[in-house]
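Fold and geometry: a report
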Amino acid sequence: MAFPSLDRRRFLALTGGTLGAAMANQLIGTSTEARATELDPAPFTLGVASGEPDHESVVLWTRLCTDPFDVETGGMPAQPVPVRWELARDEDFRHVLRSGEVTATPESAHTVHVTAEGLDADRWYWYRFQADGVYSRTGRTRTLPAPGTAADRMRFAFVSCQAWAGGPYPAYRDLATQDVDFVVHLGDYIYETSKGSLEEFRRLYALYKTSPDLREAHARFPFFLTWDDHEVQNNYAADVPGGAGDGRPFLERRANAYQAYYEHLPMRPAQRAVGSDALMYRAVKFGKLAQFNVLDTRQYRSDQALGDGRKEPTGEVYDESRTMTGPEQERWLLDQLDASTARWNVIAQQTIMAAFDYDLGPGQVVNLDQWDGYPAARSRILDHIAKRKPSNPVVLSGDWHTHWVNDLKSDFTDPDSPVIATEFVGTSISSGAGWDNDVRQGLAANPHVKFYNGSYRGYVLCEVTEDRWRSDLRIVLNSRDAASPAYTIASFDVHDGVPGAKRRPDGADGITGRVLDRSTGAPLVNVEVTVTGPDGTPVARTTTAPSGEYVAFAPAGTYEVSANGAGYEPSSGTVTVRRQGPSRVDLRVSRVTAAFARTGRTVPGPQSEATTADIVLGNDMVALAISAGSNDGQLPNVTVGKPRDLAAVGHLDQLDWLNLPYASLAQPRGGSAWQQLTVRTTTVDIVTASGRTAAVRAVGAGTQVPDLEVVTTYTVTHGERWVVAESVFTNRGTAEQSFWVGDVIDHDGLGQRSGVPGTGIVTAGSPADFTPTAPWIGMTGLDGQTYGLVYEDTAFTAYACGIWVMSQRQVTLPPGEALTLRRRIVAADNGGDTDPFAVLDRL
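Throughout what follows, the structure given in this document is the object of discussion. This structure is a prediction, so every number in the text was calculated from the model and none was measured. (Residues numbered from 1 in each chain as written. Predicted model: local features only at pLDDT ≥ 70, side-chain atom pairs only at ≥ 80, totals over all residues. Heavy atoms only, no water.)

Attention now goes to the sheet that holds strand β49 (residues 797-801). Taken in spatial order, the five strands make up an open sheet running β37-β43-β50-β49-β46, and their pairing is antiparallel. Taken across any chain shown, the strands that pair with only one partner, and hence form the sheet edges, are β37 (655-664) and β46 (768-770). For this sheet, the mean inter-axis angle between neighbouring strands, taken without regard to orientation, is 20°. Looking at chain direction, β46 and β49 are connected through three bridges and run antiparallel. The partner of Ala768 across the bridge, within β49, is Ala800. (Pairing = 2+ DSSP bridges. Helix = DSSP H or I, 4+ residues; strand = E, 2+ residues; numbered from the N terminus. Axes fitted to C-alpha atoms, helices over the stretch in contact; angles between N-to-C directions.)

Here is a general trend for soluble globular proteins: nonpolar side chains tend to be buried in one another's company. Residues Phe156, Phe292, Leu396, Phe424 and Trp469 are the most contacted members of the largest nonpolar core, which totals 57 residues. Sequence-distant contacts of Phe156, that is, excluding residues within four places in its chain, are made with Val180, Phe182, Val184, Phe292, Leu396, Val460, Leu461, Cys462, Val464 and Trp469. (Core = buried A, V, L, I, M, F, W, Y, C linked by side-chain atoms within 4.5 Å. Buried < 20%, exposed > 50% of the residue type's maximum accessible area, 1.4 Å probe, protein only. Contact = heavy atoms within 4.5 Å.)

Pairing geometry for strand β26 (residues 528-532) and strand β27 (residues 538-543), over five bridges, is antiparallel. Looking across to β27, one finds that Glu528 is bridged to Thr543. Remark: five residues form the turn of the hairpin made by β26 and β27, two consecutive strands paired antiparallel; Gly536 in that turn has positive phi of roughly 85°.

Let's shift gears to the packing of aromatic side chains. Evaluation of the coordinates by the stated rule reveals 30 aromatic pairs. A ring pair is formed by Trp227 and Tyr261, whose centres lie 5.0 Å apart and whose planes are at 65°; its orientation type is edge-to-face. Highlighted residues: Trp227 in the loop between β11 (222-225) and α7 (250-264) and Tyr261 in helix α7, separated in sequence by 34 residues. Just as Trp227 is buried, Tyr261 falls in that class too. Geometrically, the ring pair formed by Tyr281 and Tyr300 is edge-to-face, given 6.1 Å between the ring centres and 80° between the ring planes. A residue pair is termed long-range when its members are at least 10 positions apart, and Tyr281 in the loop between α7 and β12 (282-286) and Tyr300 in the loop between β13 (290-294) and β14 (310-311) qualify at 19 residues. On the basis of relative accessible area, Tyr300 is assigned to the partly exposed category, the value being 31%. Ring pairs connect the aromatic residues Phe156, Phe182, Phe224, Phe286, Phe292, Trp344, Phe424 and Trp469, which therefore count as one cluster. Seen from the ring of Phe93, Arg128 lies directly overhead, with NZ or CZ sitting 4.0 Å from the centre. Above the face of the Tyr799 ring, Arg669 is positioned so that its terminal group lies 4.0 Å from the ring centre. (Phe/Tyr/Trp six-rings, centres within 6.5 Å; stacked < 30°, edge-to-face > 60°. Lys NZ or Arg CZ within 6 Å of the ring centre and 35° of its normal.)

Here we come to the pattern of salt bridges. Within the structure shown, the criterion is met by 49 salt bridges. Where Glu263 meets Arg202, a salt bridge forms, and the shortest distance between an N and an O atom there is 2.7 Å. Pair noted here: Glu263 is in helix α7 and Arg202 is in helix α5 (residues 198-208), with a separation of 61 residues, a long-range link. Arg202 carries the same exposure label as Glu263, and that label is buried. Note that Arg598 is salt-bridged to Glu569, the shortest N-O span being 3.4 Å. Residue Arg598 is located in strand β33 (residues 595-598), and its partner Glu569 is located in the loop between β29 (557-564) and β30 (571-577); the two are separated by 29 residues in the primary sequence. Take Arg598: its relative accessible area is 27%, and that puts it in the partly exposed class. Look at the salt bridges and you will find they share partners, linking Arg153, Arg155, Asp179, Glu463, Arg468, Asp493, Arg504 and Asp506 into a network. (Salt bridge = Lys/Arg side-chain N within 4 Å of Asp/Glu carboxyl O.)

The sheet built from 10 strands is open, its strands ordered β5-β2-β1-β11-β10-β9-β21-β22-β23-β24 with mixed pairing. The open sheet terminates on both sides in strands that have one partner only, identified here as β5 (111-116) and β24 (498-503). Taking each pair of neighbouring strands and ignoring which way they run, the sheet shows an average axis angle of 30°. Of the strand pairs in this sheet, strand β22 (residues 468-476) and strand β23 (residues 486-495) are connected by nine bridges, and their pairing is antiparallel. Looking across to β23, one finds that Arg468 is bridged to His495. The sheet strands contacting helix α6 (residues 212-220) are β1 (48-51) and β11, and the helix crosses β1 at an angle near 45°.

As structure tokens, this is what we get:
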């Protein structure tokens, strides 16, 4: 019988057309295809796996699938197929210890689960399957040390979040080369689609297992697995769906998802779904060295409060009855911690347990899908740990696609509250982290976060002895490159009897350092650090933490490392990166000593959109980028001459743009009032490049008002935290003209909200009219930075909703006459004031 190979046409058919040709080539290039066919011949195209070992048994898995691109049958006949299996002491199978025959049925997608029993404790074994005269590849697995017996060392990795669209899994390629005893998967093995049929979930597992690097990791190590949400539906809670789905009853979707999960992974019979239910939480003992309490925080949790999302926690959030685990599992966990005699007590679960406040001000904004949305349940667990003191508690978490090291406390609001446990959060295998900047901005309000990095994908590698737990946070440079090199971004130790992780100075690869003020030596936060190759191409970009520290990565070679912070002159240094070990570059930057207007630099921030061809106008307090040619899709053909990026010293850009100015024949109304395409600039010039003041002039015309000339001059003065913008509207025609003028602020940072004096904070989704009691409009977010337009007079009204605010003023210009609209563009640290707009009143 001839079996089909992985050809590109059928590969793209399986992906549903969701991948580009470049990614398809990465995944199934000629060498990869040949290797995959050799290692995993049909009907074993999806590889082999093992899992759930204890001290005397282990589960062996495979699926017969002659054609993984056939989403209905996998190319298999609609009849049972006998499958032989063997387990041996040696890779050559000279000493076969266990063997047998099982039946793969079409009702279970021809998957095979064998529990190999009666094995010796704490040793490695090799296994394989045979069907239709074809052998599978040889897999390697092991048993654990018997409970209560000595174990000198344990090495394992934990992983999570492997969205197929994120890349070809170079993190698994690196993991497969490591020396580990097992792998713990904390969820999001697949990412669901809108279809909730059993056939669709089976298609997704087959698709994910076409990755040769995922199959290699499964073949080399046994896995312990638990699910999160995407195996069913994003952010579902118990029997409450997380989205609209395809119209089928949610518990039917959940039953299909749970069945496909069991079918495609090496799980024990006790974990097989019965309808829409499955028992996933369990304890795993590695001798007397460690006990893992593996949780299921999806199947039994209370629905997310306040409609989910990142919000201010109020009301129902604090309901004592709300739970992440369900009361039965919660009680089971506390009993396991009480009964354990292990040196290290591990809680392996899905979402971040530590508190994290995204708001740098006096308020609080948390992620309601994480333990922050279930504070009473978290307190019951952490208070139990503080009171009963199980030996060396360590929490392992995933979900948020970023690396964290957290101190766990009974009271996160008290910096002096004792540390009672350590949490390691692993970044994703491939899933992106669009919220990276939001977390970075919030770090200053969360001192219990000892390390954070969201720039890279990867996993966590752990080595545990009686005296010490070591976690190496592994990353790959580019998750979309199958051959991407891997590094250790940071390494932490937890010592026996001492809760809290300590960073190892010798444990990191890549480039590290601090950015300091040259005059004072003070560490600088929110400075953008860029690593540039010899050809001038940026290879890495990051920002400094509150400690002034940064971490970046590049392959071995020589690079320029540059620092760019609002209010500071750029600075750079050269570094040679070795293949292993840290390369350090500390940079000292000088405060700007004069106002300037120049091209060739940018306003720092991951949301910055202006290019080096645009003009940055700045001083020691503020930096403003004005488009000299770049275009924003929301302001097509009218972006030139308008501000695109803005940041105060110590902050990053959070501005989308300022639509400054506009000139509309009709009063702007409705949800799209912000999109004023009514002033087009033709020339942008630097008037004064440097000195006590610097200036830029934009000359253009109205697109609706005939013969209307519009000239805006931007001027910055050293020592002031604003840029003065003066727009002159001149009627060059022969007829009187009446029209509306003003400006719009659009702010894209987390927690964006508008401010109008006399009204306060505006958060409504629909715009409304307001009469300001002071001459300003403003916007702010959670980063402690306030944006404002402070006018020379109060002859305007405000029109605002939560995500943008605009000024409106109707004017009439006779022929030859002009109107001057003068305002200050402000970016200022609001000091965490209860009223973030009070800083505008003080100007």
